[in-house]
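# Remarks on the overall topology
What follows is the residue order along each chain.
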Amino acid sequence: MSVDIDQAVADFDRDRLSIYESLLSELLTARRDSEATDFCGLFKRAQTVLGRSDLHMSHLFKVSRPTINRWSRGVTQPHPLLRQAVFDTLLVEVRDALKQTR
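All values derive from a computational prediction rather than experimental measurement. (Residues numbered from 1 in each chain as written. Predicted model: local features only at pLDDT ≥ 70, side-chain atom pairs only at ≥ 80, totals over all residues. Heavy atoms only, no water.)

Looking only at helices and strands, one finds five helices and zero strands in the protein chain. In the protein chain, the order of α-helices and β-strands from amino to carboxyl end is α-α-α-α-α. Looking at the protein chain as a whole, 32% of its 102 residues qualify as buried. Sequence separation of 24 or more characterises 69% of the internal contacts of the protein chain that already satisfy a separation of 6 or more. Counting every atom, the protein chain has about 6,400 Å² of accessible surface; 54% of that belongs to carbon and sulfur. One finds the centroid of the 15 positive side-chain charges in the protein chain at a distance of 8 Å from the centroid of its 14 negative side-chain charges. (Helix = DSSP H or I, 4+ residues; strand = E, 2+ residues; numbered from the N terminus. Buried < 20%, exposed > 50% of the residue type's maximum accessible area, 1.4 Å probe, protein only. Contact = heavy atoms within 4.5 Å. Areas by Shrake-Rupley, 256 points an atom, 1.4 Å probe, with all protein chains shown as cover. Lys, Arg positive; Asp, Glu negative; His and termini not counted. Charge placed at Lys NZ, Arg CZ, Asp CG, Glu CD.)

Attention now moves to the confidence of the model for the protein chain. For the protein chain, the mean per-residue pLDDT works out to 91, and 97% of the residues sit at or above 70. Within the protein chain, the element-level pLDDT minimum falls on helix α1 (residues 2–32), averaging 89, and the maximum on helix α3 (residues 54–61), averaging 97. (pLDDT = per-residue confidence, 0-100.)

Inspection of the secondary structure assignment puts T37 in the loop between α1 and α2 (39–50). With ten residues separating them in the primary sequence, T37 and L27 have C-alpha atoms 9.4 Å apart. Apart from the residues lying within four places of it in its own chain, the contact partners of T37 are A30, L42 and F87.

With respect to the helices and strands, the residue D54 is situated in helix α3. This buried residue, D54, is left without a salt bridge; R65 holds the nearest opposite charge, at 4.3 Å. Here the side chain of D54 touches Q47 through a polar contact of 2.7 Å, side chain to side chain. Not counting the four nearest positions on each side in its chain, D54 is found in contact with Q47, R65, I68 and N69. (Salt bridge = Lys/Arg side-chain N within 4 Å of Asp/Glu carboxyl O. Polar contact = N/O pair within 3.5 Å; in protein donor to acceptor, adjacent residues only side chain to side chain.)

One broad rule of soluble globular proteins: the nonpolar side chains tend to lie buried together. If you look at the biggest cluster of nonpolar residues, it comprises 21 residues, and the most contacted ones within it are L27, F43, F61, W71, V86, L90 and V94. Mapped onto this core, the elements with two or more residues apiece are α1, α2, α3, α4 (65–73) and α5 (80–101). Counting residues per element, this core draws most heavily on α5, which supplies seven residues. (Core = buried A, V, L, I, M, F, W, Y, C linked by side-chain atoms within 4.5 Å.)

Structure representation (structure tokens):
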């Protein structure tokens, strides 16, 4: 039975690493062309993949929790000039998560 669990854990870690790398690639692309990026979709994916609550994200970006909720639902988004900073911060978060995974 433990062999099955060990294999499942190895598969999970490999999948998680792949998801982090995919998100990293998406964020790097968004960083270069933030105007053409679906901010809401990418922000929501990043929050989900990183497992961060609205409260955590609000502290990270120094905005209110309702603002984070509006960003993730696509009701509002940061000014185009500030999106770059959001993507940069998310990149740091993903890179930290990758370091912990490897």
